[in-house]
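# Remarks on the overall topology
As a plain string of letters, each chain reads:
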Amino acid sequence: MSDIEQVELESLLPADSPRVAGEDAAHILALAELDAELPPLVVHRPSMRVIDGMHRLRAARLRGDEKIAARFYDGDEQDAFVLAVRLNAAHGLPLTQSDRSAAAARIIRSHPQWSDRLIASASGLSHRTVAAIRRRSTGDVVHSNTRRGRDGRVRPLNAAEGRRLAFRLMTERPGASLREIAEEAGIAVSTARDVRQRVGHGQDPVPPKLRGELGERADFYCGAAVTSMPAEEIRELIDRLRRDPSLRFTDTGRTVLRLMGTMQTVSADEWTRLVHGVPPHTTEMLAQVARTCAETWLYFAREVETRGYQPA
């Protein structure tokens with residue numbers, strides 16, 4: 001906000017107030033009777049609407065003042081309303097419970113990405129009350145996959161989804177830093193580091209405790225990575241590689257194609273059937289072998305991507 005300035009009363013417009021019932025007449029009279037200078041208003045510069053201080057403005061007009069001290073705020077109207085709620089909740093005539101609830105509902109509509117706790121801190125309500133208001137407002141609210149917390153950080157609503165997004169970003173931009181990945185996926189840097197380590201060890205980027213059923217997580221598994229590419233597309237890629245003369249007619253190419261032929265791309269339902277059909281006494285050994293194979297293919301994929309295409 002700006003420094004304090006003297007502003008003509010006639011230039012100011014009524015507030016977009018969080019007070020459902022408007023100003024309190026008795027409070028305005030009490031302020032008008034004070035001999036001391038009234039504390040500065042807060043005014044939205046683009047619209048010249050009062051953000052905080054309507055009682056003081058009414059009192060100044062009542063006692064015939066021509067100017068009043070004010071600070072200017074230059075943000076947008078939605079953020080100006082949030083500021084009005086914060087300031088009115090912090091001092092002066094207290095907001096009623098109805099005022100706070102109505103303000104929270106409006107902030108949920110204008111800032112759907114904000115967490116319940118962040119909105120609670122602005123409106124003076126408990127985060128549980130804000131959560132209840134959000135549930136009642138679902139028809140009016142634009143849904144967001146993330147929430148901005150009181151610390152300013154953006155987090156995904158679903159921790160598993162944040163990890164999957166981080167994994168996709170790492171795959172698409174292998175040179176990106178962990179901090180860049182974390183910021184874009186809405187997760188902590190430590191979580192992004194864990195995703196990279198898990199994938200590097202041939203593990204699902206989402207730990208078991210955060211996963212749903214296997215069929216809800218992916219269309220299929222290929223090597224070490226959980227991917228959303230349909231199995232049919234992978235099979236088509238493998239068929240194209242098998243038809244490529246540079247692979248078919250060289251020793252290296254034939255070896256790669258032979259190894260690839262042992263890899264299956266199946267649906268999530270088929271993986272579920274296989275997982276549940278494994279004899280209990282073989283699970284540990286099978287997991288070790290599968291993880292080793294996954295790590296080997298992951299190493300191969302990284303080396304191939306790094307090498308790129310080099311003409312013979």
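As a reminder, the structure under discussion sits directly above these lines.
So, here's what we can say about the structure. Please read these numbers as outputs of a predicted model, since none were measured by experiment. (Residues numbered from 1 in each chain as written. Predicted model: local features only at pLDDT ≥ 70, side-chain atom pairs only at ≥ 80, totals over all residues. Heavy atoms only, no water.)

### Things to note about the overall build of the chain
- Broken down by element type, the chain carries 15 helices and eight strands.
- Considering the chain as a whole, with its 312 residues, one finds that 37% of them fall into the buried category.
- If you sum the accessible surface of the chain, you get close to 18,900 Å²; carbon and sulfur atoms cover 52% of it. (Helix = DSSP H or I, 4+ residues; strand = E, 2+ residues; numbered from the N terminus. Buried < 20%, exposed > 50% of the residue type's maximum accessible area, 1.4 Å probe, protein only. Areas by Shrake-Rupley, 256 points an atom, 1.4 Å probe, with all protein chains shown as cover.)

### With respect to the pairing of strand β4 (residues 67-73)
- In terms of burial, β4 is largely enclosed, as five of its seven residues are buried.
- Relative to β4, strand β1 (residues 5-8) runs antiparallel, the two sharing four bridges. Directly across from Gln-6, in β4, lies its bridge partner Ala-69.
- With four bridges joining them, strand β2 (residues 41-44) and β4 adopt parallel strand pairing. (Pairing = 2+ DSSP bridges.)

### Thoughts on helix α3 (residues 77-90)
- In this model α3 runs 20 Å from its N-terminal to its C-terminal C-alpha over 14 residues, within 8% of the 20 Å that 1.5 Å per residue would give.
- Of all the residues in α3, the buried ones are Ala-80, Phe-81, Val-82, Leu-83, Ala-84, Val-85, Leu-87 and Asn-88.
- Buried residues along α3 sit in contact with β2, β3 (49-52), β4, α4 (97-110) and α5 (116-123).
- Backbone geometry just after α3 places Gly-92 at a positive phi near 70°. (Expected span 1.5 Å × (residues − 1). Contact = heavy atoms within 4.5 Å.)

### Observations regarding the nonpolar core
- Core analysis: the biggest nonpolar cluster contains 18 residues, and Leu-12, Leu-41, Val-43, Val-50, Leu-57, Ala-59 and Ile-68 have the highest contact counts within it.
- Of all elements in the fold, only α1 (25-32), β2, α2 (54-62) and β4 reach the threshold of two or more residues within this core.
- For this core, the element with the highest residue contribution is α2, accounting for four residues.
- Excluding anything up to four places from it in sequence, Ala-59 contacts Ile-28, Leu-31, Ala-32 and Leu-38.
- Ala-104, Ala-105, Ile-107 and Ile-119 belong to the second largest nonpolar core, which has 16 residues in total. (Core = buried A, V, L, I, M, F, W, Y, C linked by side-chain atoms within 4.5 Å.)

### Structural notes on the pattern of salt bridges
- On inspection of all chains with the given rule, the structure shows 10 salt bridges.
- Ionic pairing is found between Asp-16 and Arg-106, a salt bridge with its closest N-O pair at 2.4 Å. On the criterion of sequence distance, the pair formed by Asp-16 in the loop between β1 and α1 and Arg-106 in helix α4 is long-range, its members being 90 residues apart. (Salt bridge = Lys/Arg side-chain N within 4 Å of Asp/Glu carboxyl O.)

### Quick look at the packing of α4 against helix α6 (residues 127-136)
- Put simply, α4 and α6 touch, their axes get as near as 10 Å, and they point 60° apart. The angle between the axes of α4 and α6 places the two elements in the oblique class. For the pair α4 and α6, the crossing hand works out as right-handed. On α6, the residues touching Ser-101, Ala-104, Ala-105 and Ile-108 of α4 are Val-130, Ile-133 and Arg-134.
- Along the lines of polarity and charge, the residues of the contact of α4 with α6 split into five nonpolar, one polar and one charged. (Axes fitted to C-alpha atoms, helices over the stretch in contact; angles between N-to-C directions. Parallel < 35°, antiparallel > 145°, perpendicular 65-115°, else oblique. Left-handed = near helix turned anticlockwise from the far one by under 90°. Nonpolar A, V, L, I, M, F, W, Y, C, P; charged D, E, K, R; others polar.)

### Digging into the environment of Ile-68
- Turning to its location among the elements, Ile-68 is positioned in strand β4.
- A relative accessible area of 5% means that Ile-68 is categorised as buried.
- For Ile-68, the residues in contact, after removing those within four places along its chain, are Glu-5, Gln-6, Val-7, Leu-9, Leu-12, Leu-41, Arg-56, Leu-57 and Ala-60.

### Observations concerning the sheet that holds β3
- Spatial ordering of the open sheet is given by β1-β4-β2-β3, a layout of four strands whose pairing is mixed. Where the open sheet ends on each side, the last strands, each with one partner, are β1 and β3. The average angle at which neighbouring strand axes cross in this sheet is 55°, direction not considered.
- Sheet strands in contact with α3 are β2, β3 and β4, and its direction is about 40° off that of β3.

### Focus: the environment of Tyr-73
- For Tyr-73, the position within the fold is in strand β4.
- Along the primary structure Tyr-73 and Val-43 are separated by 30 residues, whereas in three dimensions their C-alpha atoms are 6.0 Å apart.

### With respect to unusual backbone geometry
- Phi is positive for Met-48, close to 65°, though the residue is something other than glycine.
- By secondary structure assignment, the location of Met-48 is in the loop between β2 and β3.

### Some words on the packing of aromatic side chains
- A full pass over the atoms with the stated rule returns zero aromatic pairs.
- The side chain of Arg-106 reaches across the aromatic face of Phe-81, ending 3.8 Å from its centre. (Phe/Tyr/Trp six-rings, centres within 6.5 Å; stacked < 30°, edge-to-face > 60°. Lys NZ or Arg CZ within 6 Å of the ring centre and 35° of its normal.)

### With respect to the environment of Ala-182
- Within the secondary structure layout, Ala-182 lies in helix α8 (residues 178-185).
- Sequence-wise, Ala-182 and Ala-166 are 16 residues apart; in three dimensions their C-alpha atoms are separated by 6.9 Å.
- Apart from residues lying up to four places away in sequence, Ala-182 is in contact with Ile-187, Ala-188, Val-189 and Ala-192.

### Examining the side chain of Asp-52
- Structurally, Asp-52 can be placed in strand β3.
- Non-local contacts of Asp-52, meaning those with residues more than four positions away in its chain, are made with Leu-41, Val-42, Leu-87, Asn-88 and His-91.

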